[in-house]
Amino acid sequence: MESRHGLVKTQKHREAITSVLLLAVEVLRYVDHAYQKVPRPDRLCRFCRKEIETPERALITCESSDKVVELRAVFLGHLFTALPDLQDKMVELSNTEFLKAIIHLRSTIALVAKYAFDVLED
């Protein structure tokens, strides 16, 4: 998949989407940013501390933070208003596939990046 981050004009939003996407892949592997790895089962969601944190968990499924749930509702409202077909896609696709779909679209990457920024600010 080609990078869409260049389409995000606000630097803080671009940094946020990059941070969220790299979060589960790299950052949570290490306890202290040194070389001591954190086993995957111990990389728990920052909100619920019950399941492994992934970008799609933090952005789409975790219900433990009222603030994130509220941000998600606003984000999805904007997303589905702009592209109503995505509402069906959210139901049809896995959370991972849905996140990939909305990041890949030129028309939605800036909105997703702003949402990622808002979630990280929580």
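Residues numbered from 1 in each chain as written. Predicted model: local features only at pLDDT ≥ 70, side-chain atom pairs only at ≥ 80, totals over all residues. Heavy atoms only, no water.

1. Things to note about the overall build of the protein
Then, number 1: From N to C terminus, the protein includes 6 helices and 0 strands.
Then, number 2: Mapped in sequence order, the helices and strands of the protein form the string α-α-α-α-α-α.
Then, number 3: Across the 122 residues that make up the protein, the buried fraction comes to 36%.
Then, number 4: Looking at the protein alone, contacts between residues at least 24 apart form 49% of all its contacts between residues at least 6 apart. (Helix = DSSP H or I, 4+ residues; strand = E, 2+ residues; numbered from the N terminus. Buried < 20%, exposed > 50% of the residue type's maximum accessible area, 1.4 Å probe, protein only. Contact = heavy atoms within 4.5 Å.)

2. Digging into unusual backbone geometry
Then, number 1: A positive phi is found at Arg 49, a non-glycine position, where the angle reads about 60°.
Then, number 2: Considering the arrangement of structural elements, one finds Arg 49 in the loop between α1 (11–23) and α2 (55–61).

3. Topic: the packing of aromatic side chains
Then, number 1: Tallied over the full model, the rule gives 1 aromatic pair.
Then, number 2: With 4.3 Å between their ring centres and 5° between their planes, Phe 75 and Tyr 115 make a pair best called stacked. Highlighted residues: Phe 75 in helix α3 (residues 66–82) and Tyr 115 in helix α6 (residues 109–121), separated in sequence by 40 residues.
Then, number 3: Residue Phe 75 is classed as buried on the basis of its relative accessible area of 6%. (Phe/Tyr/Trp six-rings, centres within 6.5 Å; stacked < 30°, edge-to-face > 60°.)

4. So, helix α5 (residues 95–104)
For an α-helix, 3.6 residues make a turn, and residues three or four places apart therefore share a direction.
Then, number 1: Buried within α5 we find Phe 98, Leu 99, Ile 102 and Ile 103. The buried side chains of α5 occupy one side of the element, clustering within an arc of 130° when seen end-on. (Arc of directions from axis to C-beta.)

5. Some remarks on the nonpolar core
Then, number 1: Counting residues in hydrophobic clusters, the biggest one holds 29 residues, and the most contacted among them are Leu 59, Leu 79 and Ile 102.
Then, number 2: At 7 residues, the largest contribution of residues to this core is made by α6.
Then, number 3: Not counting residues within four places of it along the chain, the set of residues in contact with Leu 79 comprises Leu 86, Phe 98, Ile 102, Thr 108 and Leu 111. (Core = buried A, V, L, I, M, F, W, Y, C linked by side-chain atoms within 4.5 Å.)

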